[in-house]
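# Residue-level structure breakdown
Given next are the chains, with one letter for each unit.
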Protein chains: 2
Amino acid sequence: MKIAVLGTGIVGRTLAGGLSDRGHAVTMGTRDVAETLARSETDAMGNQPFAQWHAGHSNVQLVAFDEATPTADLVINATSGQASLAALEAGASGLDDKVLVDVANPLDFSHGMPPTLSVANTDSLAEQIQQKFPRSKVVKALNTMNARLMVEPSRLPESHNVFIAGDDDAAKKTVRDLLQELGWKDENIVDVGGIQAARGLEMYLPLWLSLMGKLGTPDFNIRLVRA
Amino acid sequence: MKIAVLGTGIVGRTLAGGLSDRGHAVTMGTRDVAETLARSETDAMGNQPFAQWHAGHSNVQLVAFDEATPTADLVINATSGQASLAALEAGASGLDDKVLVDVANPLDFSHGMPPTLSVANTDSLAEQIQQKFPRSKVVKALNTMNARLMVEPSRLPESHNVFIAGDDDAAKKTVRDLLQELGWKDENIVDVGGIQAARGLEMYLPLWLSLMGKLGTPDFNIRLVRA
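Each chain has its residues counted from 1, running along the sequence as written. By the order in which they are written, chains take letters starting at A while ligands take numbers starting at 1. The predicted origin of the model limits local features to residues at a pLDDT of at least 70 and limits the giving and counting of side-chain atom pairs to 80 or more, whereas totals for whole chains, interfaces and linings rest on all residues. The side-chain values count all of the structure's non-hydrogen atoms but skip hydrogen atoms and water molecules.

## So, the overall build of chain A
Which entries qualify depends on this criterion: Counting from the N terminus, the helices are the DSSP runs of H or I reaching at least four residues and the strands are the DSSP runs of E reaching at least two. C-alpha atoms define the radius of gyration, and 2.2 Å times the number of residues to the power 0.38 defines the globule rule. Residue contacts are counted whenever heavy atoms from the two residues lie within 4.5 Å of one another.
Along chain A, the regular secondary structure elements total 10 helices and 11 strands. In summary, chain A has a C-alpha radius of gyration of 16 Å against a globular reference of 17 Å for 227 residues, a match within 12%. If one aligns the C-alpha atoms of chain A with their principal axes, the spans along those axes are about 50 × 40 × 35 Å. Taking contacts inside chain A between residues at least 6 apart in sequence as the whole, the part at least 24 apart equals 71%.

Here it is, written out as structure tokens:
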């Protein structure tokens, strides 16, 4: 499948690398290719500059947002939540009738740590995206965990869950299949409902952030336990 | 221990019954004792009228909010989130220097289903309670699950977690001990931080509600899975 991954941060890189490793033709989209490639410093989280990562993943193409989406069969939004609507607007010409996997979280760091959500409770980023691009088929997925777990769920010693939400059942089936390629067992993929259910998936983030702080690692996830 | 449980709904009843069964002297607080006892119909969830429940739990005393808190060693807020501040205000004379366990969720059903939160993201019900009653020691706990699980965690076949948040470490230790009496293993009680971390615990509710809808039962919880 031709997949466009929008966003060149650690989430975008991890998904692009993981999907490329599984044989997909992955193109990454960024706002300004020259600027992205020119960065020479590690980011605030200690991640290497994009160009350095890219040197080891030369089969992944880097293009501008508006070049990434038109040729893709499926688009993944892995931009930061605050930049997502603008990034998708830039790539809007290639979104119609496509599955758009939204893994972003609308984290707002402008008021310090811990971040708040820029949208919550009565709306969600995923709903805003679906509303702004009504011909795309938005599926919220993977936003409830660290990037490495997204593409390597077996890092954890027990089974754990990934949640999906969206209004289009066929699109959710496509995402479910893609998740299985990434190592997720079908029974661990939990469909929580329509796109409005993305609110709950995004509003889980404050708890995730507290847990990361307390556990001292992002290498954890949750598992549903049923009677 | 003398425990005051504020609220006579299913959460208050379940906690009062469970704590009474473990030998605690439990008093339940309500706004209007006569009115609470006079109710003769099942509620919207199909729960029996309070008087009927009370007939089987005669060792639990029912009094007004302002009579429940002064004699208690520990107070539990199990009122509905929208009524919590008024209920605690009514019992304010008995809150100073006491551990106040807040199990309520600020669910707002006024806009239909699913409910939104009346406070979220930049504040929480638990923080509002702590701010309004600064001499109490608020510990958010147990709000992330169905009432029956609170007092009978072994209902589920695998271990799962209860989260606590609060600014007072001694108060959290008291709550941790109480949770162990209710059947929670110490390693399954996760301290997520100060009272501000209650935001994450309350904001988990929309996901919990989606999951309840999808699973068709409230008899589930989550378990942390670590590397």
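## Regarding the pattern of salt bridges
Residues and elements named next belong to chain B. Using the following cut-off: Salt bridge, as used here, is a side-chain nitrogen of Lys or Arg placed within 4 Å of a carboxyl oxygen of Asp or Glu. Note on exposure labels: buried denotes an accessible area under 20% of the residue type's maximum, exposed denotes more than 50%, and partly exposed covers the range between, all computed with a 1.4 Å probe on protein chains only.
Per the counting criterion, the structure on display carries 28 salt bridges over all chains. Lysine 140 is paired through a salt bridge with aspartate 102; the nearest N and O atoms lie 2.7 Å apart. Separated by 38 residues along the polypeptide, lysine 140 in strand β8 (residues 137-141) and aspartate 102 in strand β5 (residues 99-102) bring together distant segments of the chain. We note that lysine 140, like aspartate 102, is buried.

## A closer look at the relation of the copies chain B and chain A
Our working definition: For this overlay, a least-squares fit was computed on C-alpha atoms, restricted to residues scoring pLDDT of at least 70 in both copies.
Rotating chain B by 180° about the axis while translating it 0.0 Å along that axis superimposes it on chain A, leaving an RMSD of 0.0 Å. The transformation relating the two chain copies, once decomposed into turn and shift, fits a two-fold axis. An overlap of 100% is found between the interface residues of chain B and their copies at the interface of chain A, pointing to a shared contact surface.

## Details of the interface of chain B and chain A
Rules: We define buried area as the total accessible area lost by two parts upon association, computed with a 1.4 Å probe and summed across both. Within 3.5 Å is the distance limit for a polar contact, defined as a pair of N or O atoms, with the added protein rule that one can donate a hydrogen and the other accept it, and that residues adjacent in sequence qualify only through two side-chain atoms. Only Asp, Glu, Lys and Arg are considered charged, only Ala, Val, Leu, Ile, Met, Phe, Trp, Tyr, Cys and Pro nonpolar, and every remaining residue, Gly among them, polar.
With 39 residues of chain B in contact, the opposing surface of chain A contributes 39 residues. Of the roughly 3300 Å² buried between chain B and chain A on both sides combined, carbon and sulfur atoms contribute 66%. Among the residues chain B hides against chain A, the three largest losses belong to Leu207, Val225 and Arg226 of chain B. Together they make up 19% of the total. There are 2 salt bridges connecting chain B and chain A. Across the contact surface, chain B and chain A share 9 residue pairs in polar contact (both at pLDDT 80 or more). Counting only elements with at least two residues in the side of chain B that touches chain A, the list comes to β7 (116-117), β10 (189-193), α9 (198-203), α10 (205-215) and β11 (220-226) of chain B. With 7 residues, the single largest contributor to the side of chain B that touches chain A is β11 of chain B. By residue class, the composition of the side of chain B that touches chain A is 21 nonpolar, 11 polar and 7 charged.

## Comments concerning helix α8 (residues 169-181) of chain B
Residues and elements named next belong to chain B. Note the threshold: One less than the number of residues in a helix, times 1.5 Å, gives the span that helix is expected to have. What the arc measures is the spread of directions leading from the helix axis to the C-beta atoms.
The end-to-end C-alpha distance of α8, which contains 13 residues, comes to 19 Å, matching closely the 18 Å that a straight helix rising 1.5 Å per residue would cover. When we look at burial in α8, the residues that qualify are Ala171, Lys172, Val175, Arg176, Leu178 and Leu179. Down the axis of α8, the smallest arc covering the buried residues is 165°, so these residues share one side. The exposed set on the far side of α8, more than 90 degrees from its buried face, consists of Asp169 and Ala170. The N-terminus of α8 is capped by aspartate 168, whose side-chain oxygen sits 3.0 Å from the backbone nitrogen of alanine 170. Looking one or two places after α8, you find glycine 183, whose phi comes out positive at around 110°.

## Some remarks on the confidence of the model for chain A
The following threshold applies: You can read pLDDT as the predictor saying how much it trusts each residue, on a scale of 0 to 100.
Residues at a pLDDT of 70 or more form 100% of chain A, whose mean pLDDT is 97. Interface predicted TM-score (ipTM) for the complex: 0.97; the corresponding pTM is 0.97.

## Thoughts on the sheet that holds strand β1 (residues 2-6) of chain A
Residues and elements named next belong to chain A. Spelled out, the test is: Any two strands between which DSSP finds at least two bridges are classified as paired. Comment: axis = line fitted to C-alpha atoms, over the contacting stretch for helices; angle = value between 0 and 180 degrees taken between N-to-C directions.
Strand order across the open sheet formed by 8 strands is β3-β2-β1-β4-β5-β8-β9-β10, with mixed pairing between neighbours. Every interior strand has two partners, whereas the edge strands, β3 (61-64) and β10 (189-193), have only one. Averaged over all pairs of adjacent strands, the angle between their axes in this sheet comes to 25°, without regard to strand direction. Here helix α1 (residues 10-21) sits on the sheet in contact with β1, β2 (25-30) and β4 (74-77), set at roughly 165° to β2. Together, β4, β5 (99-102) and β8 (137-141) form the strand contacts of helix α6 (residues 125-132), whose direction differs from that of β8 by roughly 170°.

## Describing the sheet that holds β5 of chain B
Residues and elements named next belong to chain B. Ordered by their spatial adjacency, 8 strands build an open sheet running β3-β2-β1-β4-β5-β8-β9-β10, and the pairing between neighbours is mixed. Across the chains shown, the open sheet's two edge strands, defined by having one partner strand only, are β3 (61-64) and β10. This sheet shows a mean twist of 25° between the axes of neighbouring strands, independent of strand direction. Inspection of the sheet shows strand β1 (residues 2-6) paired to strand β2 (residues 25-30) by 5 bridges, in the parallel sense. Across the sheet, isoleucine 3 pairs through a bridge with valine 26, a residue of β2. Each of β4 (74-77), β5 and β8 touches helix α6 (residues 125-132); the most contacted strand, β8, lies at about 170° to it. Along the sheet, α8 contacts β1, β4, β5, β8, β9 (162-166) and β10; its crossing angle with β9, the most-contacted strand, is approximately 160°.

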